[in-house]
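Architecture at a glance
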There are 2 protein chains.
Amino acid sequence: MSDSPELPLFRDPLLVINLGLPSFAGDLRDQGVSVVDPAWAPPAAGDPKAIAALAELLSWPQSARERIREANREAARRIVAAQPLVLRVRPAHEVVPGMHRKLVLHAGPPVTWERMCGPMRGGVIGALMLEGLASTPQEAEKLASSGEIEFSPCHHHASVGPMAGIMTASMPVWVIENQTFGNRAYCTLNEGLGKVLRYGAFSEEVLTRLRWMRDELGPALDRALVARGPLDLRSIIAQALQMGDEGHNRNRAGTSLVLRAIGPALIESDLPRDAVAQIFRFFDGNDHFFLNLTMPACKSAVDPISDLPFSTVISTMARNGTDFGVRLASLPEQWFTAEASLVDGLYLPGFSAADAARDIGDSVITETAGIGGFAMAAAPAIVRFVGGRASDALAFTSRMYEITVAEHDTYQIPALDFRGAPTGIDVVRVVESGILPVINTGIAHKDPGVGMVGAGLVRPPMSCFRDALVAFVDRFAERARADT
Amino acid sequence: MSDSPELPLFRDPLLVINLGLPSFAGDLRDQGVSVVDPAWAPPAAGDPKAIAALAELLSWPQSARERIREANREAARRIVAAQPLVLRVRPAHEVVPGMHRKLVLHAGPPVTWERMCGPMRGGVIGALMLEGLASTPQEAEKLASSGEIEFSPCHHHASVGPMAGIMTASMPVWVIENQTFGNRAYCTLNEGLGKVLRYGAFSEEVLTRLRWMRDELGPALDRALVARGPLDLRSIIAQALQMGDEGHNRNRAGTSLVLRAIGPALIESDLPRDAVAQIFRFFDGNDHFFLNLTMPACKSAVDPISDLPFSTVISTMARNGTDFGVRLASLPEQWFTAEASLVDGLYLPGFSAADAARDIGDSVITETAGIGGFAMAAAPAIVRFVGGRASDALAFTSRMYEITVAEHDTYQIPALDFRGAPTGIDVVRVVESGILPVINTGIAHKDPGVGMVGAGLVRPPMSCFRDALVAFVDRFAERARADT
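Conventions and cut-offs
- Residues numbered from 1 in each chain as written.
- Chains lettered and ligands numbered in written order.
- Predicted model: local features only at pLDDT ≥ 70, side-chain atom pairs only at ≥ 80, totals over all residues.
- Helix = DSSP H or I, 4+ residues; strand = E, 2+ residues; numbered from the N terminus.
- Rg over C-alpha atoms; globule rule 2.2 N^0.38 Å.
- Contact = placed C-beta atoms within 7 Å.
- Pairing = 2+ DSSP bridges.
- Axes fitted to C-alpha atoms, helices over the stretch in contact; angles between N-to-C directions.
- Least-squares fit on C-alpha atoms with pLDDT ≥ 70 in both.
- Expected span 1.5 Å × (residues − 1).
- Buried ≥ 20, exposed ≤ 12 C-beta atoms within 10 Å, placed from the backbone.
- Arc of directions from axis to C-beta.
- Nonpolar A, V, L, I, M, F, W, Y, C, P; charged D, E, K, R; others polar.
- Domains from an automatic or database assignment.
- Core = buried A, V, L, I, M, F, W, Y, C linked by C-beta atoms within 7 Å.
- pLDDT = per-residue confidence, 0-100.
- Parallel < 35°, antiparallel > 145°, perpendicular 65-115°, else oblique.

Helix and strand content of chain A: 17 helices and 17 strands. Taking 23 Å as the expected radius of gyration for a compact globule of 484 residues, we find that chain A reaches 25 Å, a close match to that expectation. For chain A, long-range pairs separated by at least 24 residues make up 74% of all intrachain contacts whose partners lie at least 6 apart in sequence.

This is the structure in structure tokens:
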């Protein structure tokens, strides 16, 4: 032992926690020093605009922050209290607010014909031909770009549409009523998978099916509903979550339960027997039939939170294949958009990521209301389908509790000991944590006229959440500061 | 420090692992000594007959022990390879081997009228009245005890019956064929819950339903099956396990999928529409309809292992409400029985454990083939119903891997990352480990004429497994020793 004085720092072995650049740790490691790299990330991934908005929020008086919490509790209370019933199936022009002959509703935030992605253009072409406004795809394209056709988001008309989400006047739509608040929501009937309008296909096969849905399936379902009375979607969704569905990409249980519920009334209707049998076969051949019921159920559940001042809960997420858009409960008129993401998915034989359109559709309304990807733990078969494990499904759902404000009292997840689904996405938590909503989705071909090419998971762009938060802070700062 | 010599045992603090009586540990703890109690139990819970049998097995030459393993692998291979199809619905007298007008088949091992429990007597009374052999319950009881009626286990006639399991000549039965081996199995149609024959009820309501099943439901299902072709039960059971069913106490998904599959053919049949609608309502009102298909599917899967010399795999578990019985693949003619257990369950309003019959029914064929309680992890809703947690369901299934010889390649459990269901119960492992098969079940009232009073979990008596093992060792010892 030496007698010379020595500082402990230079005498003892170093154990370093590196909060700096990774290269600092590398230099130390080269010298044989033990270095720990904490899994720390700055709030909002260091985005200066986001950090400024978060700092502004933190500077608000306690009373204003309590107003936000109270508004968010109210948002969650309303979403969870929703009691969606299926009342009827009627032609869109009869029931959808503002629908007219030259209006084409589409998925996602507003978009012009010029900016529309391939599958949405394909859907528009098919719909204009279905409506008799064009007789060839070329005529339809010309009409679509002429300015004579009005385009508007489904979401602006109390509606939602999967994938391209095209809805026109003659299409039969589910009429959903949220009994708790009296509001209604609408959605077309599901066409099945493969070559279908919502994936941008418009061949004769597609149009023939749509005509059959308009002339036979829609009226038959309507008569059955009138005969049996309304269907309780809250109960059916709750059951389906206990049967391996998550209500977005997996709907086998829900489809089965709806068929059981309306089967007797369909059989007792005055339809020819072969027509009834055809409807049953169509149901049995399309496990996604129920998707077009979970979507308006969720739309009807979330719409009552529109215009809740001070709430940071997200009232809409939707994509048009070009943009991903978000709206907040407290800023219902404003869309916050960013380029739609590419989907991380598996492809049907013969297709690859090079064929894929960007993320598209209003079906993310399911995640907005707490099911779909948020309830993935209820449907591990989906994760397995894309190469994951059941534990991944648990992890997806578990993370979503970190960005939501409530747990649903009726939509429960068996594998989490019947914990309620994570419900009510708080844009503050999304931006602060950097945790993006997890979304299940299908993948359309990027060109019009092709159809479905795959399915997978997608994370939306963070910037639209950040922009929503920034706008929220701008909009309410004055009232918040006056609140002391 | 003292200089006197000291043994470390008396100098250092003691840390004791107590392998002796619990009281030893108590004495030490009183003196402030740390004591660890290992969770050790003697093999076969110390049962001398079981230990002798296990010791005898261990003394067999390596070649004989390899013969056992090979026979068990073959048993598992056959069970897993089964491809049960639903072919038809026919009256029992047409298809069930040995069926005649004065034969009453019942659940479980053989039992005389004198030893029959209440609900089984109730089922016999109802069946004799249904067959027109008696016109009052009193007449039926007199006839049943007269010696004129032959009683025989369903299992002796390629059949299985839930609860009392009563099958008589005119009853319509599912005709299941295991395509892999060509053998058939039979089961009556499920009557629903509550006041039903299989729970011992025989009121006019019960008989009226049975007549409708005989005269309308059975023939209608048969015509639909002929029209559409056979139903693939292997596929439907596999799907149902991914939809929250375990195939014994929860069958909502399976019931829905069967209805989807045969719906169109039923609708296109020449039955009156209101009759078809009545059938749909009956299905929709009875989520246990599928139980009477999983049972014969499992029976058809397990029957091909009968008569596999040297196999210690269990080929039958069944209860008649008086005895629990077990058979082995290598001793197919012999039943090993013990008093049936009481069920640990929840009761319908107005009933309690004091009303309960003992464990009854052939439905434990589902556990024998690897589903039911063995696949509980697929159906956490059941555990929750009896007050448990999803993790309990995982634990039940996980333990069953310790007493089974294989994992099913098609019946998979989502929550266990799609691990195959634990299949093929090895009586050696049951006796050695003391782990009893976990069984889901309904509970009948102990008196004839009442019906269902609850549902729950039950563990069979260990002694019948021990007796089966002892008999196995006796039977094969000579050949085993000659095998060197």
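Moving on from the coordinates now.
Residues and elements named next belong to chain B. Across the sheet, three strands lie side by side as β12-β17-β16; this open sheet has antiparallel pairing. Looking along the sheet, the strands with just one partner apiece sit at the ends: β12 (344-347) and β16 (439-444). With strand direction ignored, the average angle separating the axes of adjacent strands in the sheet is 25°.

Time to look at the relation of the copies chain A and chain B. Relative to chain B, chain A is turned by 180° and slid 0.1 Å along the rotation axis, the superposed coordinates differing by an RMSD of 0.1 Å. What the rotation and shift describe, once combined, is the action of a two-fold rotation axis. If distances are taken from each C-alpha of chain A to the rotation axis, the shortest is found for M243(A), at 2.0 Å. By residue overlap, the copies meet face to face through one surface: 100% of the interface positions of chain A are interface positions in chain B.

Attention now moves to helix α3 (residues 48-59) of chain B. Residue and element names in this part refer to chain B. The end-to-end C-alpha distance of α3, which contains 12 residues, comes to 16 Å, matching closely the 16 Å that a straight helix rising 1.5 Å per residue would cover. Listing the buried residues of α3 in full gives A50, A53, L54 and L57. Down the axis of α3, the buried set is contained in an arc of 95°. They therefore lie on one face. In α3, the exposed positions angled more than 90 degrees off the buried face are occupied by P48, A55 and S59. Looking at the buried side of α3, the elements it contacts are α16 (427-433) and α17 (462-481).

With 30 residues of chain A at the contact, the number on the chain B side is 30 residues. Counting only elements with at least two residues in the side of chain A that touches chain B, the list comes to α10 (252-268), α11 (273-284), α14 (380-385) and α15 (390-400) of chain A. Residue contributions to the side of chain A that touches chain B peak at 10 residues, all from α10(A). Each residue belonging to the side of chain A that touches chain B can be placed in one class, and the counts come to 15 nonpolar, five polar and 10 charged.

Under the domain assignment used here, chain A contains domain 1 (8-40), domain 2 (45-79 + 305-481) and domain 3 (84-298). Computed over C-alpha atoms only, the centres of domain 1 of chain A and domain 2 of chain A are separated by 37 Å.

This part is about the nonpolar core. Soluble globular proteins tend to pack their nonpolar side chains together in the buried interior. Residues V173(A), W174(A), A375(A), V427(A), V173(B), W174(B) and A375(B) are the most contacted members of the largest nonpolar core, which totals 320 residues. Beyond its immediate stretch of four places on either side in the chain, A375(A) contacts L241(A), E246(A), G247(A), G370(A), T397(A), Y411(A), I413(A) and A421(A).

Moving on: the confidence of the model for chain A. Confidence in the prediction of chain A, expressed as mean pLDDT, is 93, and 97% of residues score 70 or more. Complex prediction metrics read pTM 0.91 and ipTM 0.89.

All right, on to the pairing of strand β3 (residues 84-91) of chain A then. Where β3(A) meets strand β6 (residues 172-178) of chain A, seven bridges bridge the pair, whose relative direction is antiparallel. Bridging across to β6(A), V86(A) finds its partner in I176(A).

Residue D307(A) is not a glycine yet carries a positive backbone phi of 70°. With respect to the helices and strands, D307(A) occurs in the loop between α12 (291-302) and β9 (314-320). At F418(B), a residue that is not glycine, the phi angle is positive and equals roughly 65°. With respect to the helices and strands, F418(B) occurs in the loop between β14 (404-413) and β15 (419-425).

As a further point, take helix α4 (residues 62-81) of chain B. All names here are of chain B. In this model, α4 (20 residues) spans 28 Å end to end at C-alpha, consistent with the 28 Å of a helix rising 1.5 Å per residue. Within α4, the full set of buried residues consists of I68, A71, N72, A75, A76, R78, I79 and V80. Where the residues of α4 are buried, they touch α12 (291-302), β14 and β15.

Below, the discussion takes up the sheet that holds strand β8 (residues 231-232) of chain A. All names here are of chain A. Strand order in this open sheet of four strands is β7-β6-β3-β8, and the pairing throughout is antiparallel. Each edge of the sheet is formed by a strand with only one pairing partner; in this case those strands are β7 (184-188) and β8. As paired elements, β3 and β8 share two bridges and run antiparallel to each other. From the neighbouring strand, L85 faces β8, where its bridge partner is D232. Strand contacts of helix α8 (residues 204-228): β3, β6 and β8, with the helix running at about 140° to β3, the strand carrying the most contacts.

Residues and elements named next belong to chain B. With respect to the secondary-structure elements, G194 resides in the loop between β7 (184-188) and α8 (204-228). In this structure G194 comes out as partly exposed when scored by C-beta crowding, with 13 C-beta atoms within 10 Å. The residues contacting G194, other than those within four sequence positions of it, are G451 and M452.

Another point: the packing of α8(B) against helix α11 (residues 273-284) of chain B. All names here are of chain B. One way to put it is that α8 packs onto α11 with a least axis distance of 11 Å and a crossing angle of 90°. When the axes of α8 and α11 are compared, the pair comes out roughly perpendicular. Taking contact as the criterion, the partners of E216, L217 and A220 in α8 are, on α11, A275, I279 and F282. For the contact of α8 with α11, the per-class residue count stands at five nonpolar, no polar and one charged.

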